[in-house]
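# Descriptive structure summary
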Amino acid sequence: MCRERYGSKTLFDVEVGYQFNQVNLSVGVRNLFDTYPDHPSSNTDINTGGDCTVTGGTCAKDYNNNFGVFPWAAASPFGYNGRYLYARLETTLTR
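Note that residues are indexed from 1 along each chain, following the sequence as it is written. Reporting of local features is limited, given that this is a predicted model, to residues whose pLDDT is at least 70; pairs of side-chain atoms are given and counted only at 80 or more, and all residues count toward the totals for whole chains, interfaces and linings. Calculated side-chain values reflect all of the structure's heavy atoms, with hydrogen atoms and water omitted.

### Considering the packing of aromatic side chains
Ring pairs are drawn from Phe, Tyr and Trp, using the six-membered ring of Trp, whenever the two centres fall within 6.5 Å, and their geometry is named by plane angle: stacked under 30 degrees, edge-to-face over 60, tilted for the rest. Applying the stated criterion across every chain, the model contains three aromatic pairs. Ring geometry for F12 and F33: centres 5.3 Å apart, planes at 80 degrees, overall edge-to-face. One end of the pair, F12, is in the segment before strand 1 (14–20); the other, F33, is in the loop between strand 2 (23–30) and strand 3 (84–91), and 21 residues separate them in sequence. Only protein chains enter the accessibility calculation, which uses a 1.4 Å probe; a residue whose area is less than 20% of its type maximum is buried, one above 50% is exposed, and one in between is partly exposed. When its relative accessible area of 42% is taken as the criterion, F12 is described as partly exposed. Relative accessible area serves as the criterion here: at 55%, F33 is assigned to the exposed category. Between Y18 and F20, the ring centres sit 4.7 Å apart and the planes meet at 65 degrees, which makes this aromatic pair edge-to-face. Judged by relative accessible area, which is 53%, Y18 ranks as exposed. Any Lys NZ or Arg CZ that is within 6 Å of a ring centre and within 35 degrees of that ring's normal is treated as a charge sitting over the ring. Directly above the ring of Y86 sits R30, whose terminal nitrogen or CZ lies 5.4 Å from the centroid. Numbered from the N terminus, helices here are DSSP runs of H or I no shorter than four residues, and strands are runs of E no shorter than two.

Set out below in structure tokens:
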């Protein structure tokens with residue numbers, strides 16, 4: 001089993017909106033500063049003290065990143081897609 005250590009991160013989300021009569025228009029950004037999780041860096045098997053990259057070791061060779069498909073750990077608490085921009089239009093439909 002590999003031990004991985006990750007540093008703390010702070011994320012900033014921003015949204016502004018305006019109401020036009022019956023319509024609300026909002027634009028926003030999630031992860032404003034395009035923050036990404038740390039890359040997995042541990043190579044130490046906590047059970048044996050050996051190197052996880054050695055063939056036949058007891059921990060996954062992919063460092064929890066889906067066999068090299070993603071450069072970050074699959075269990076990232078805030079995702080790994082970076083900045084996300086959006087617009088939202090809302091209205092109330094009445095009879």
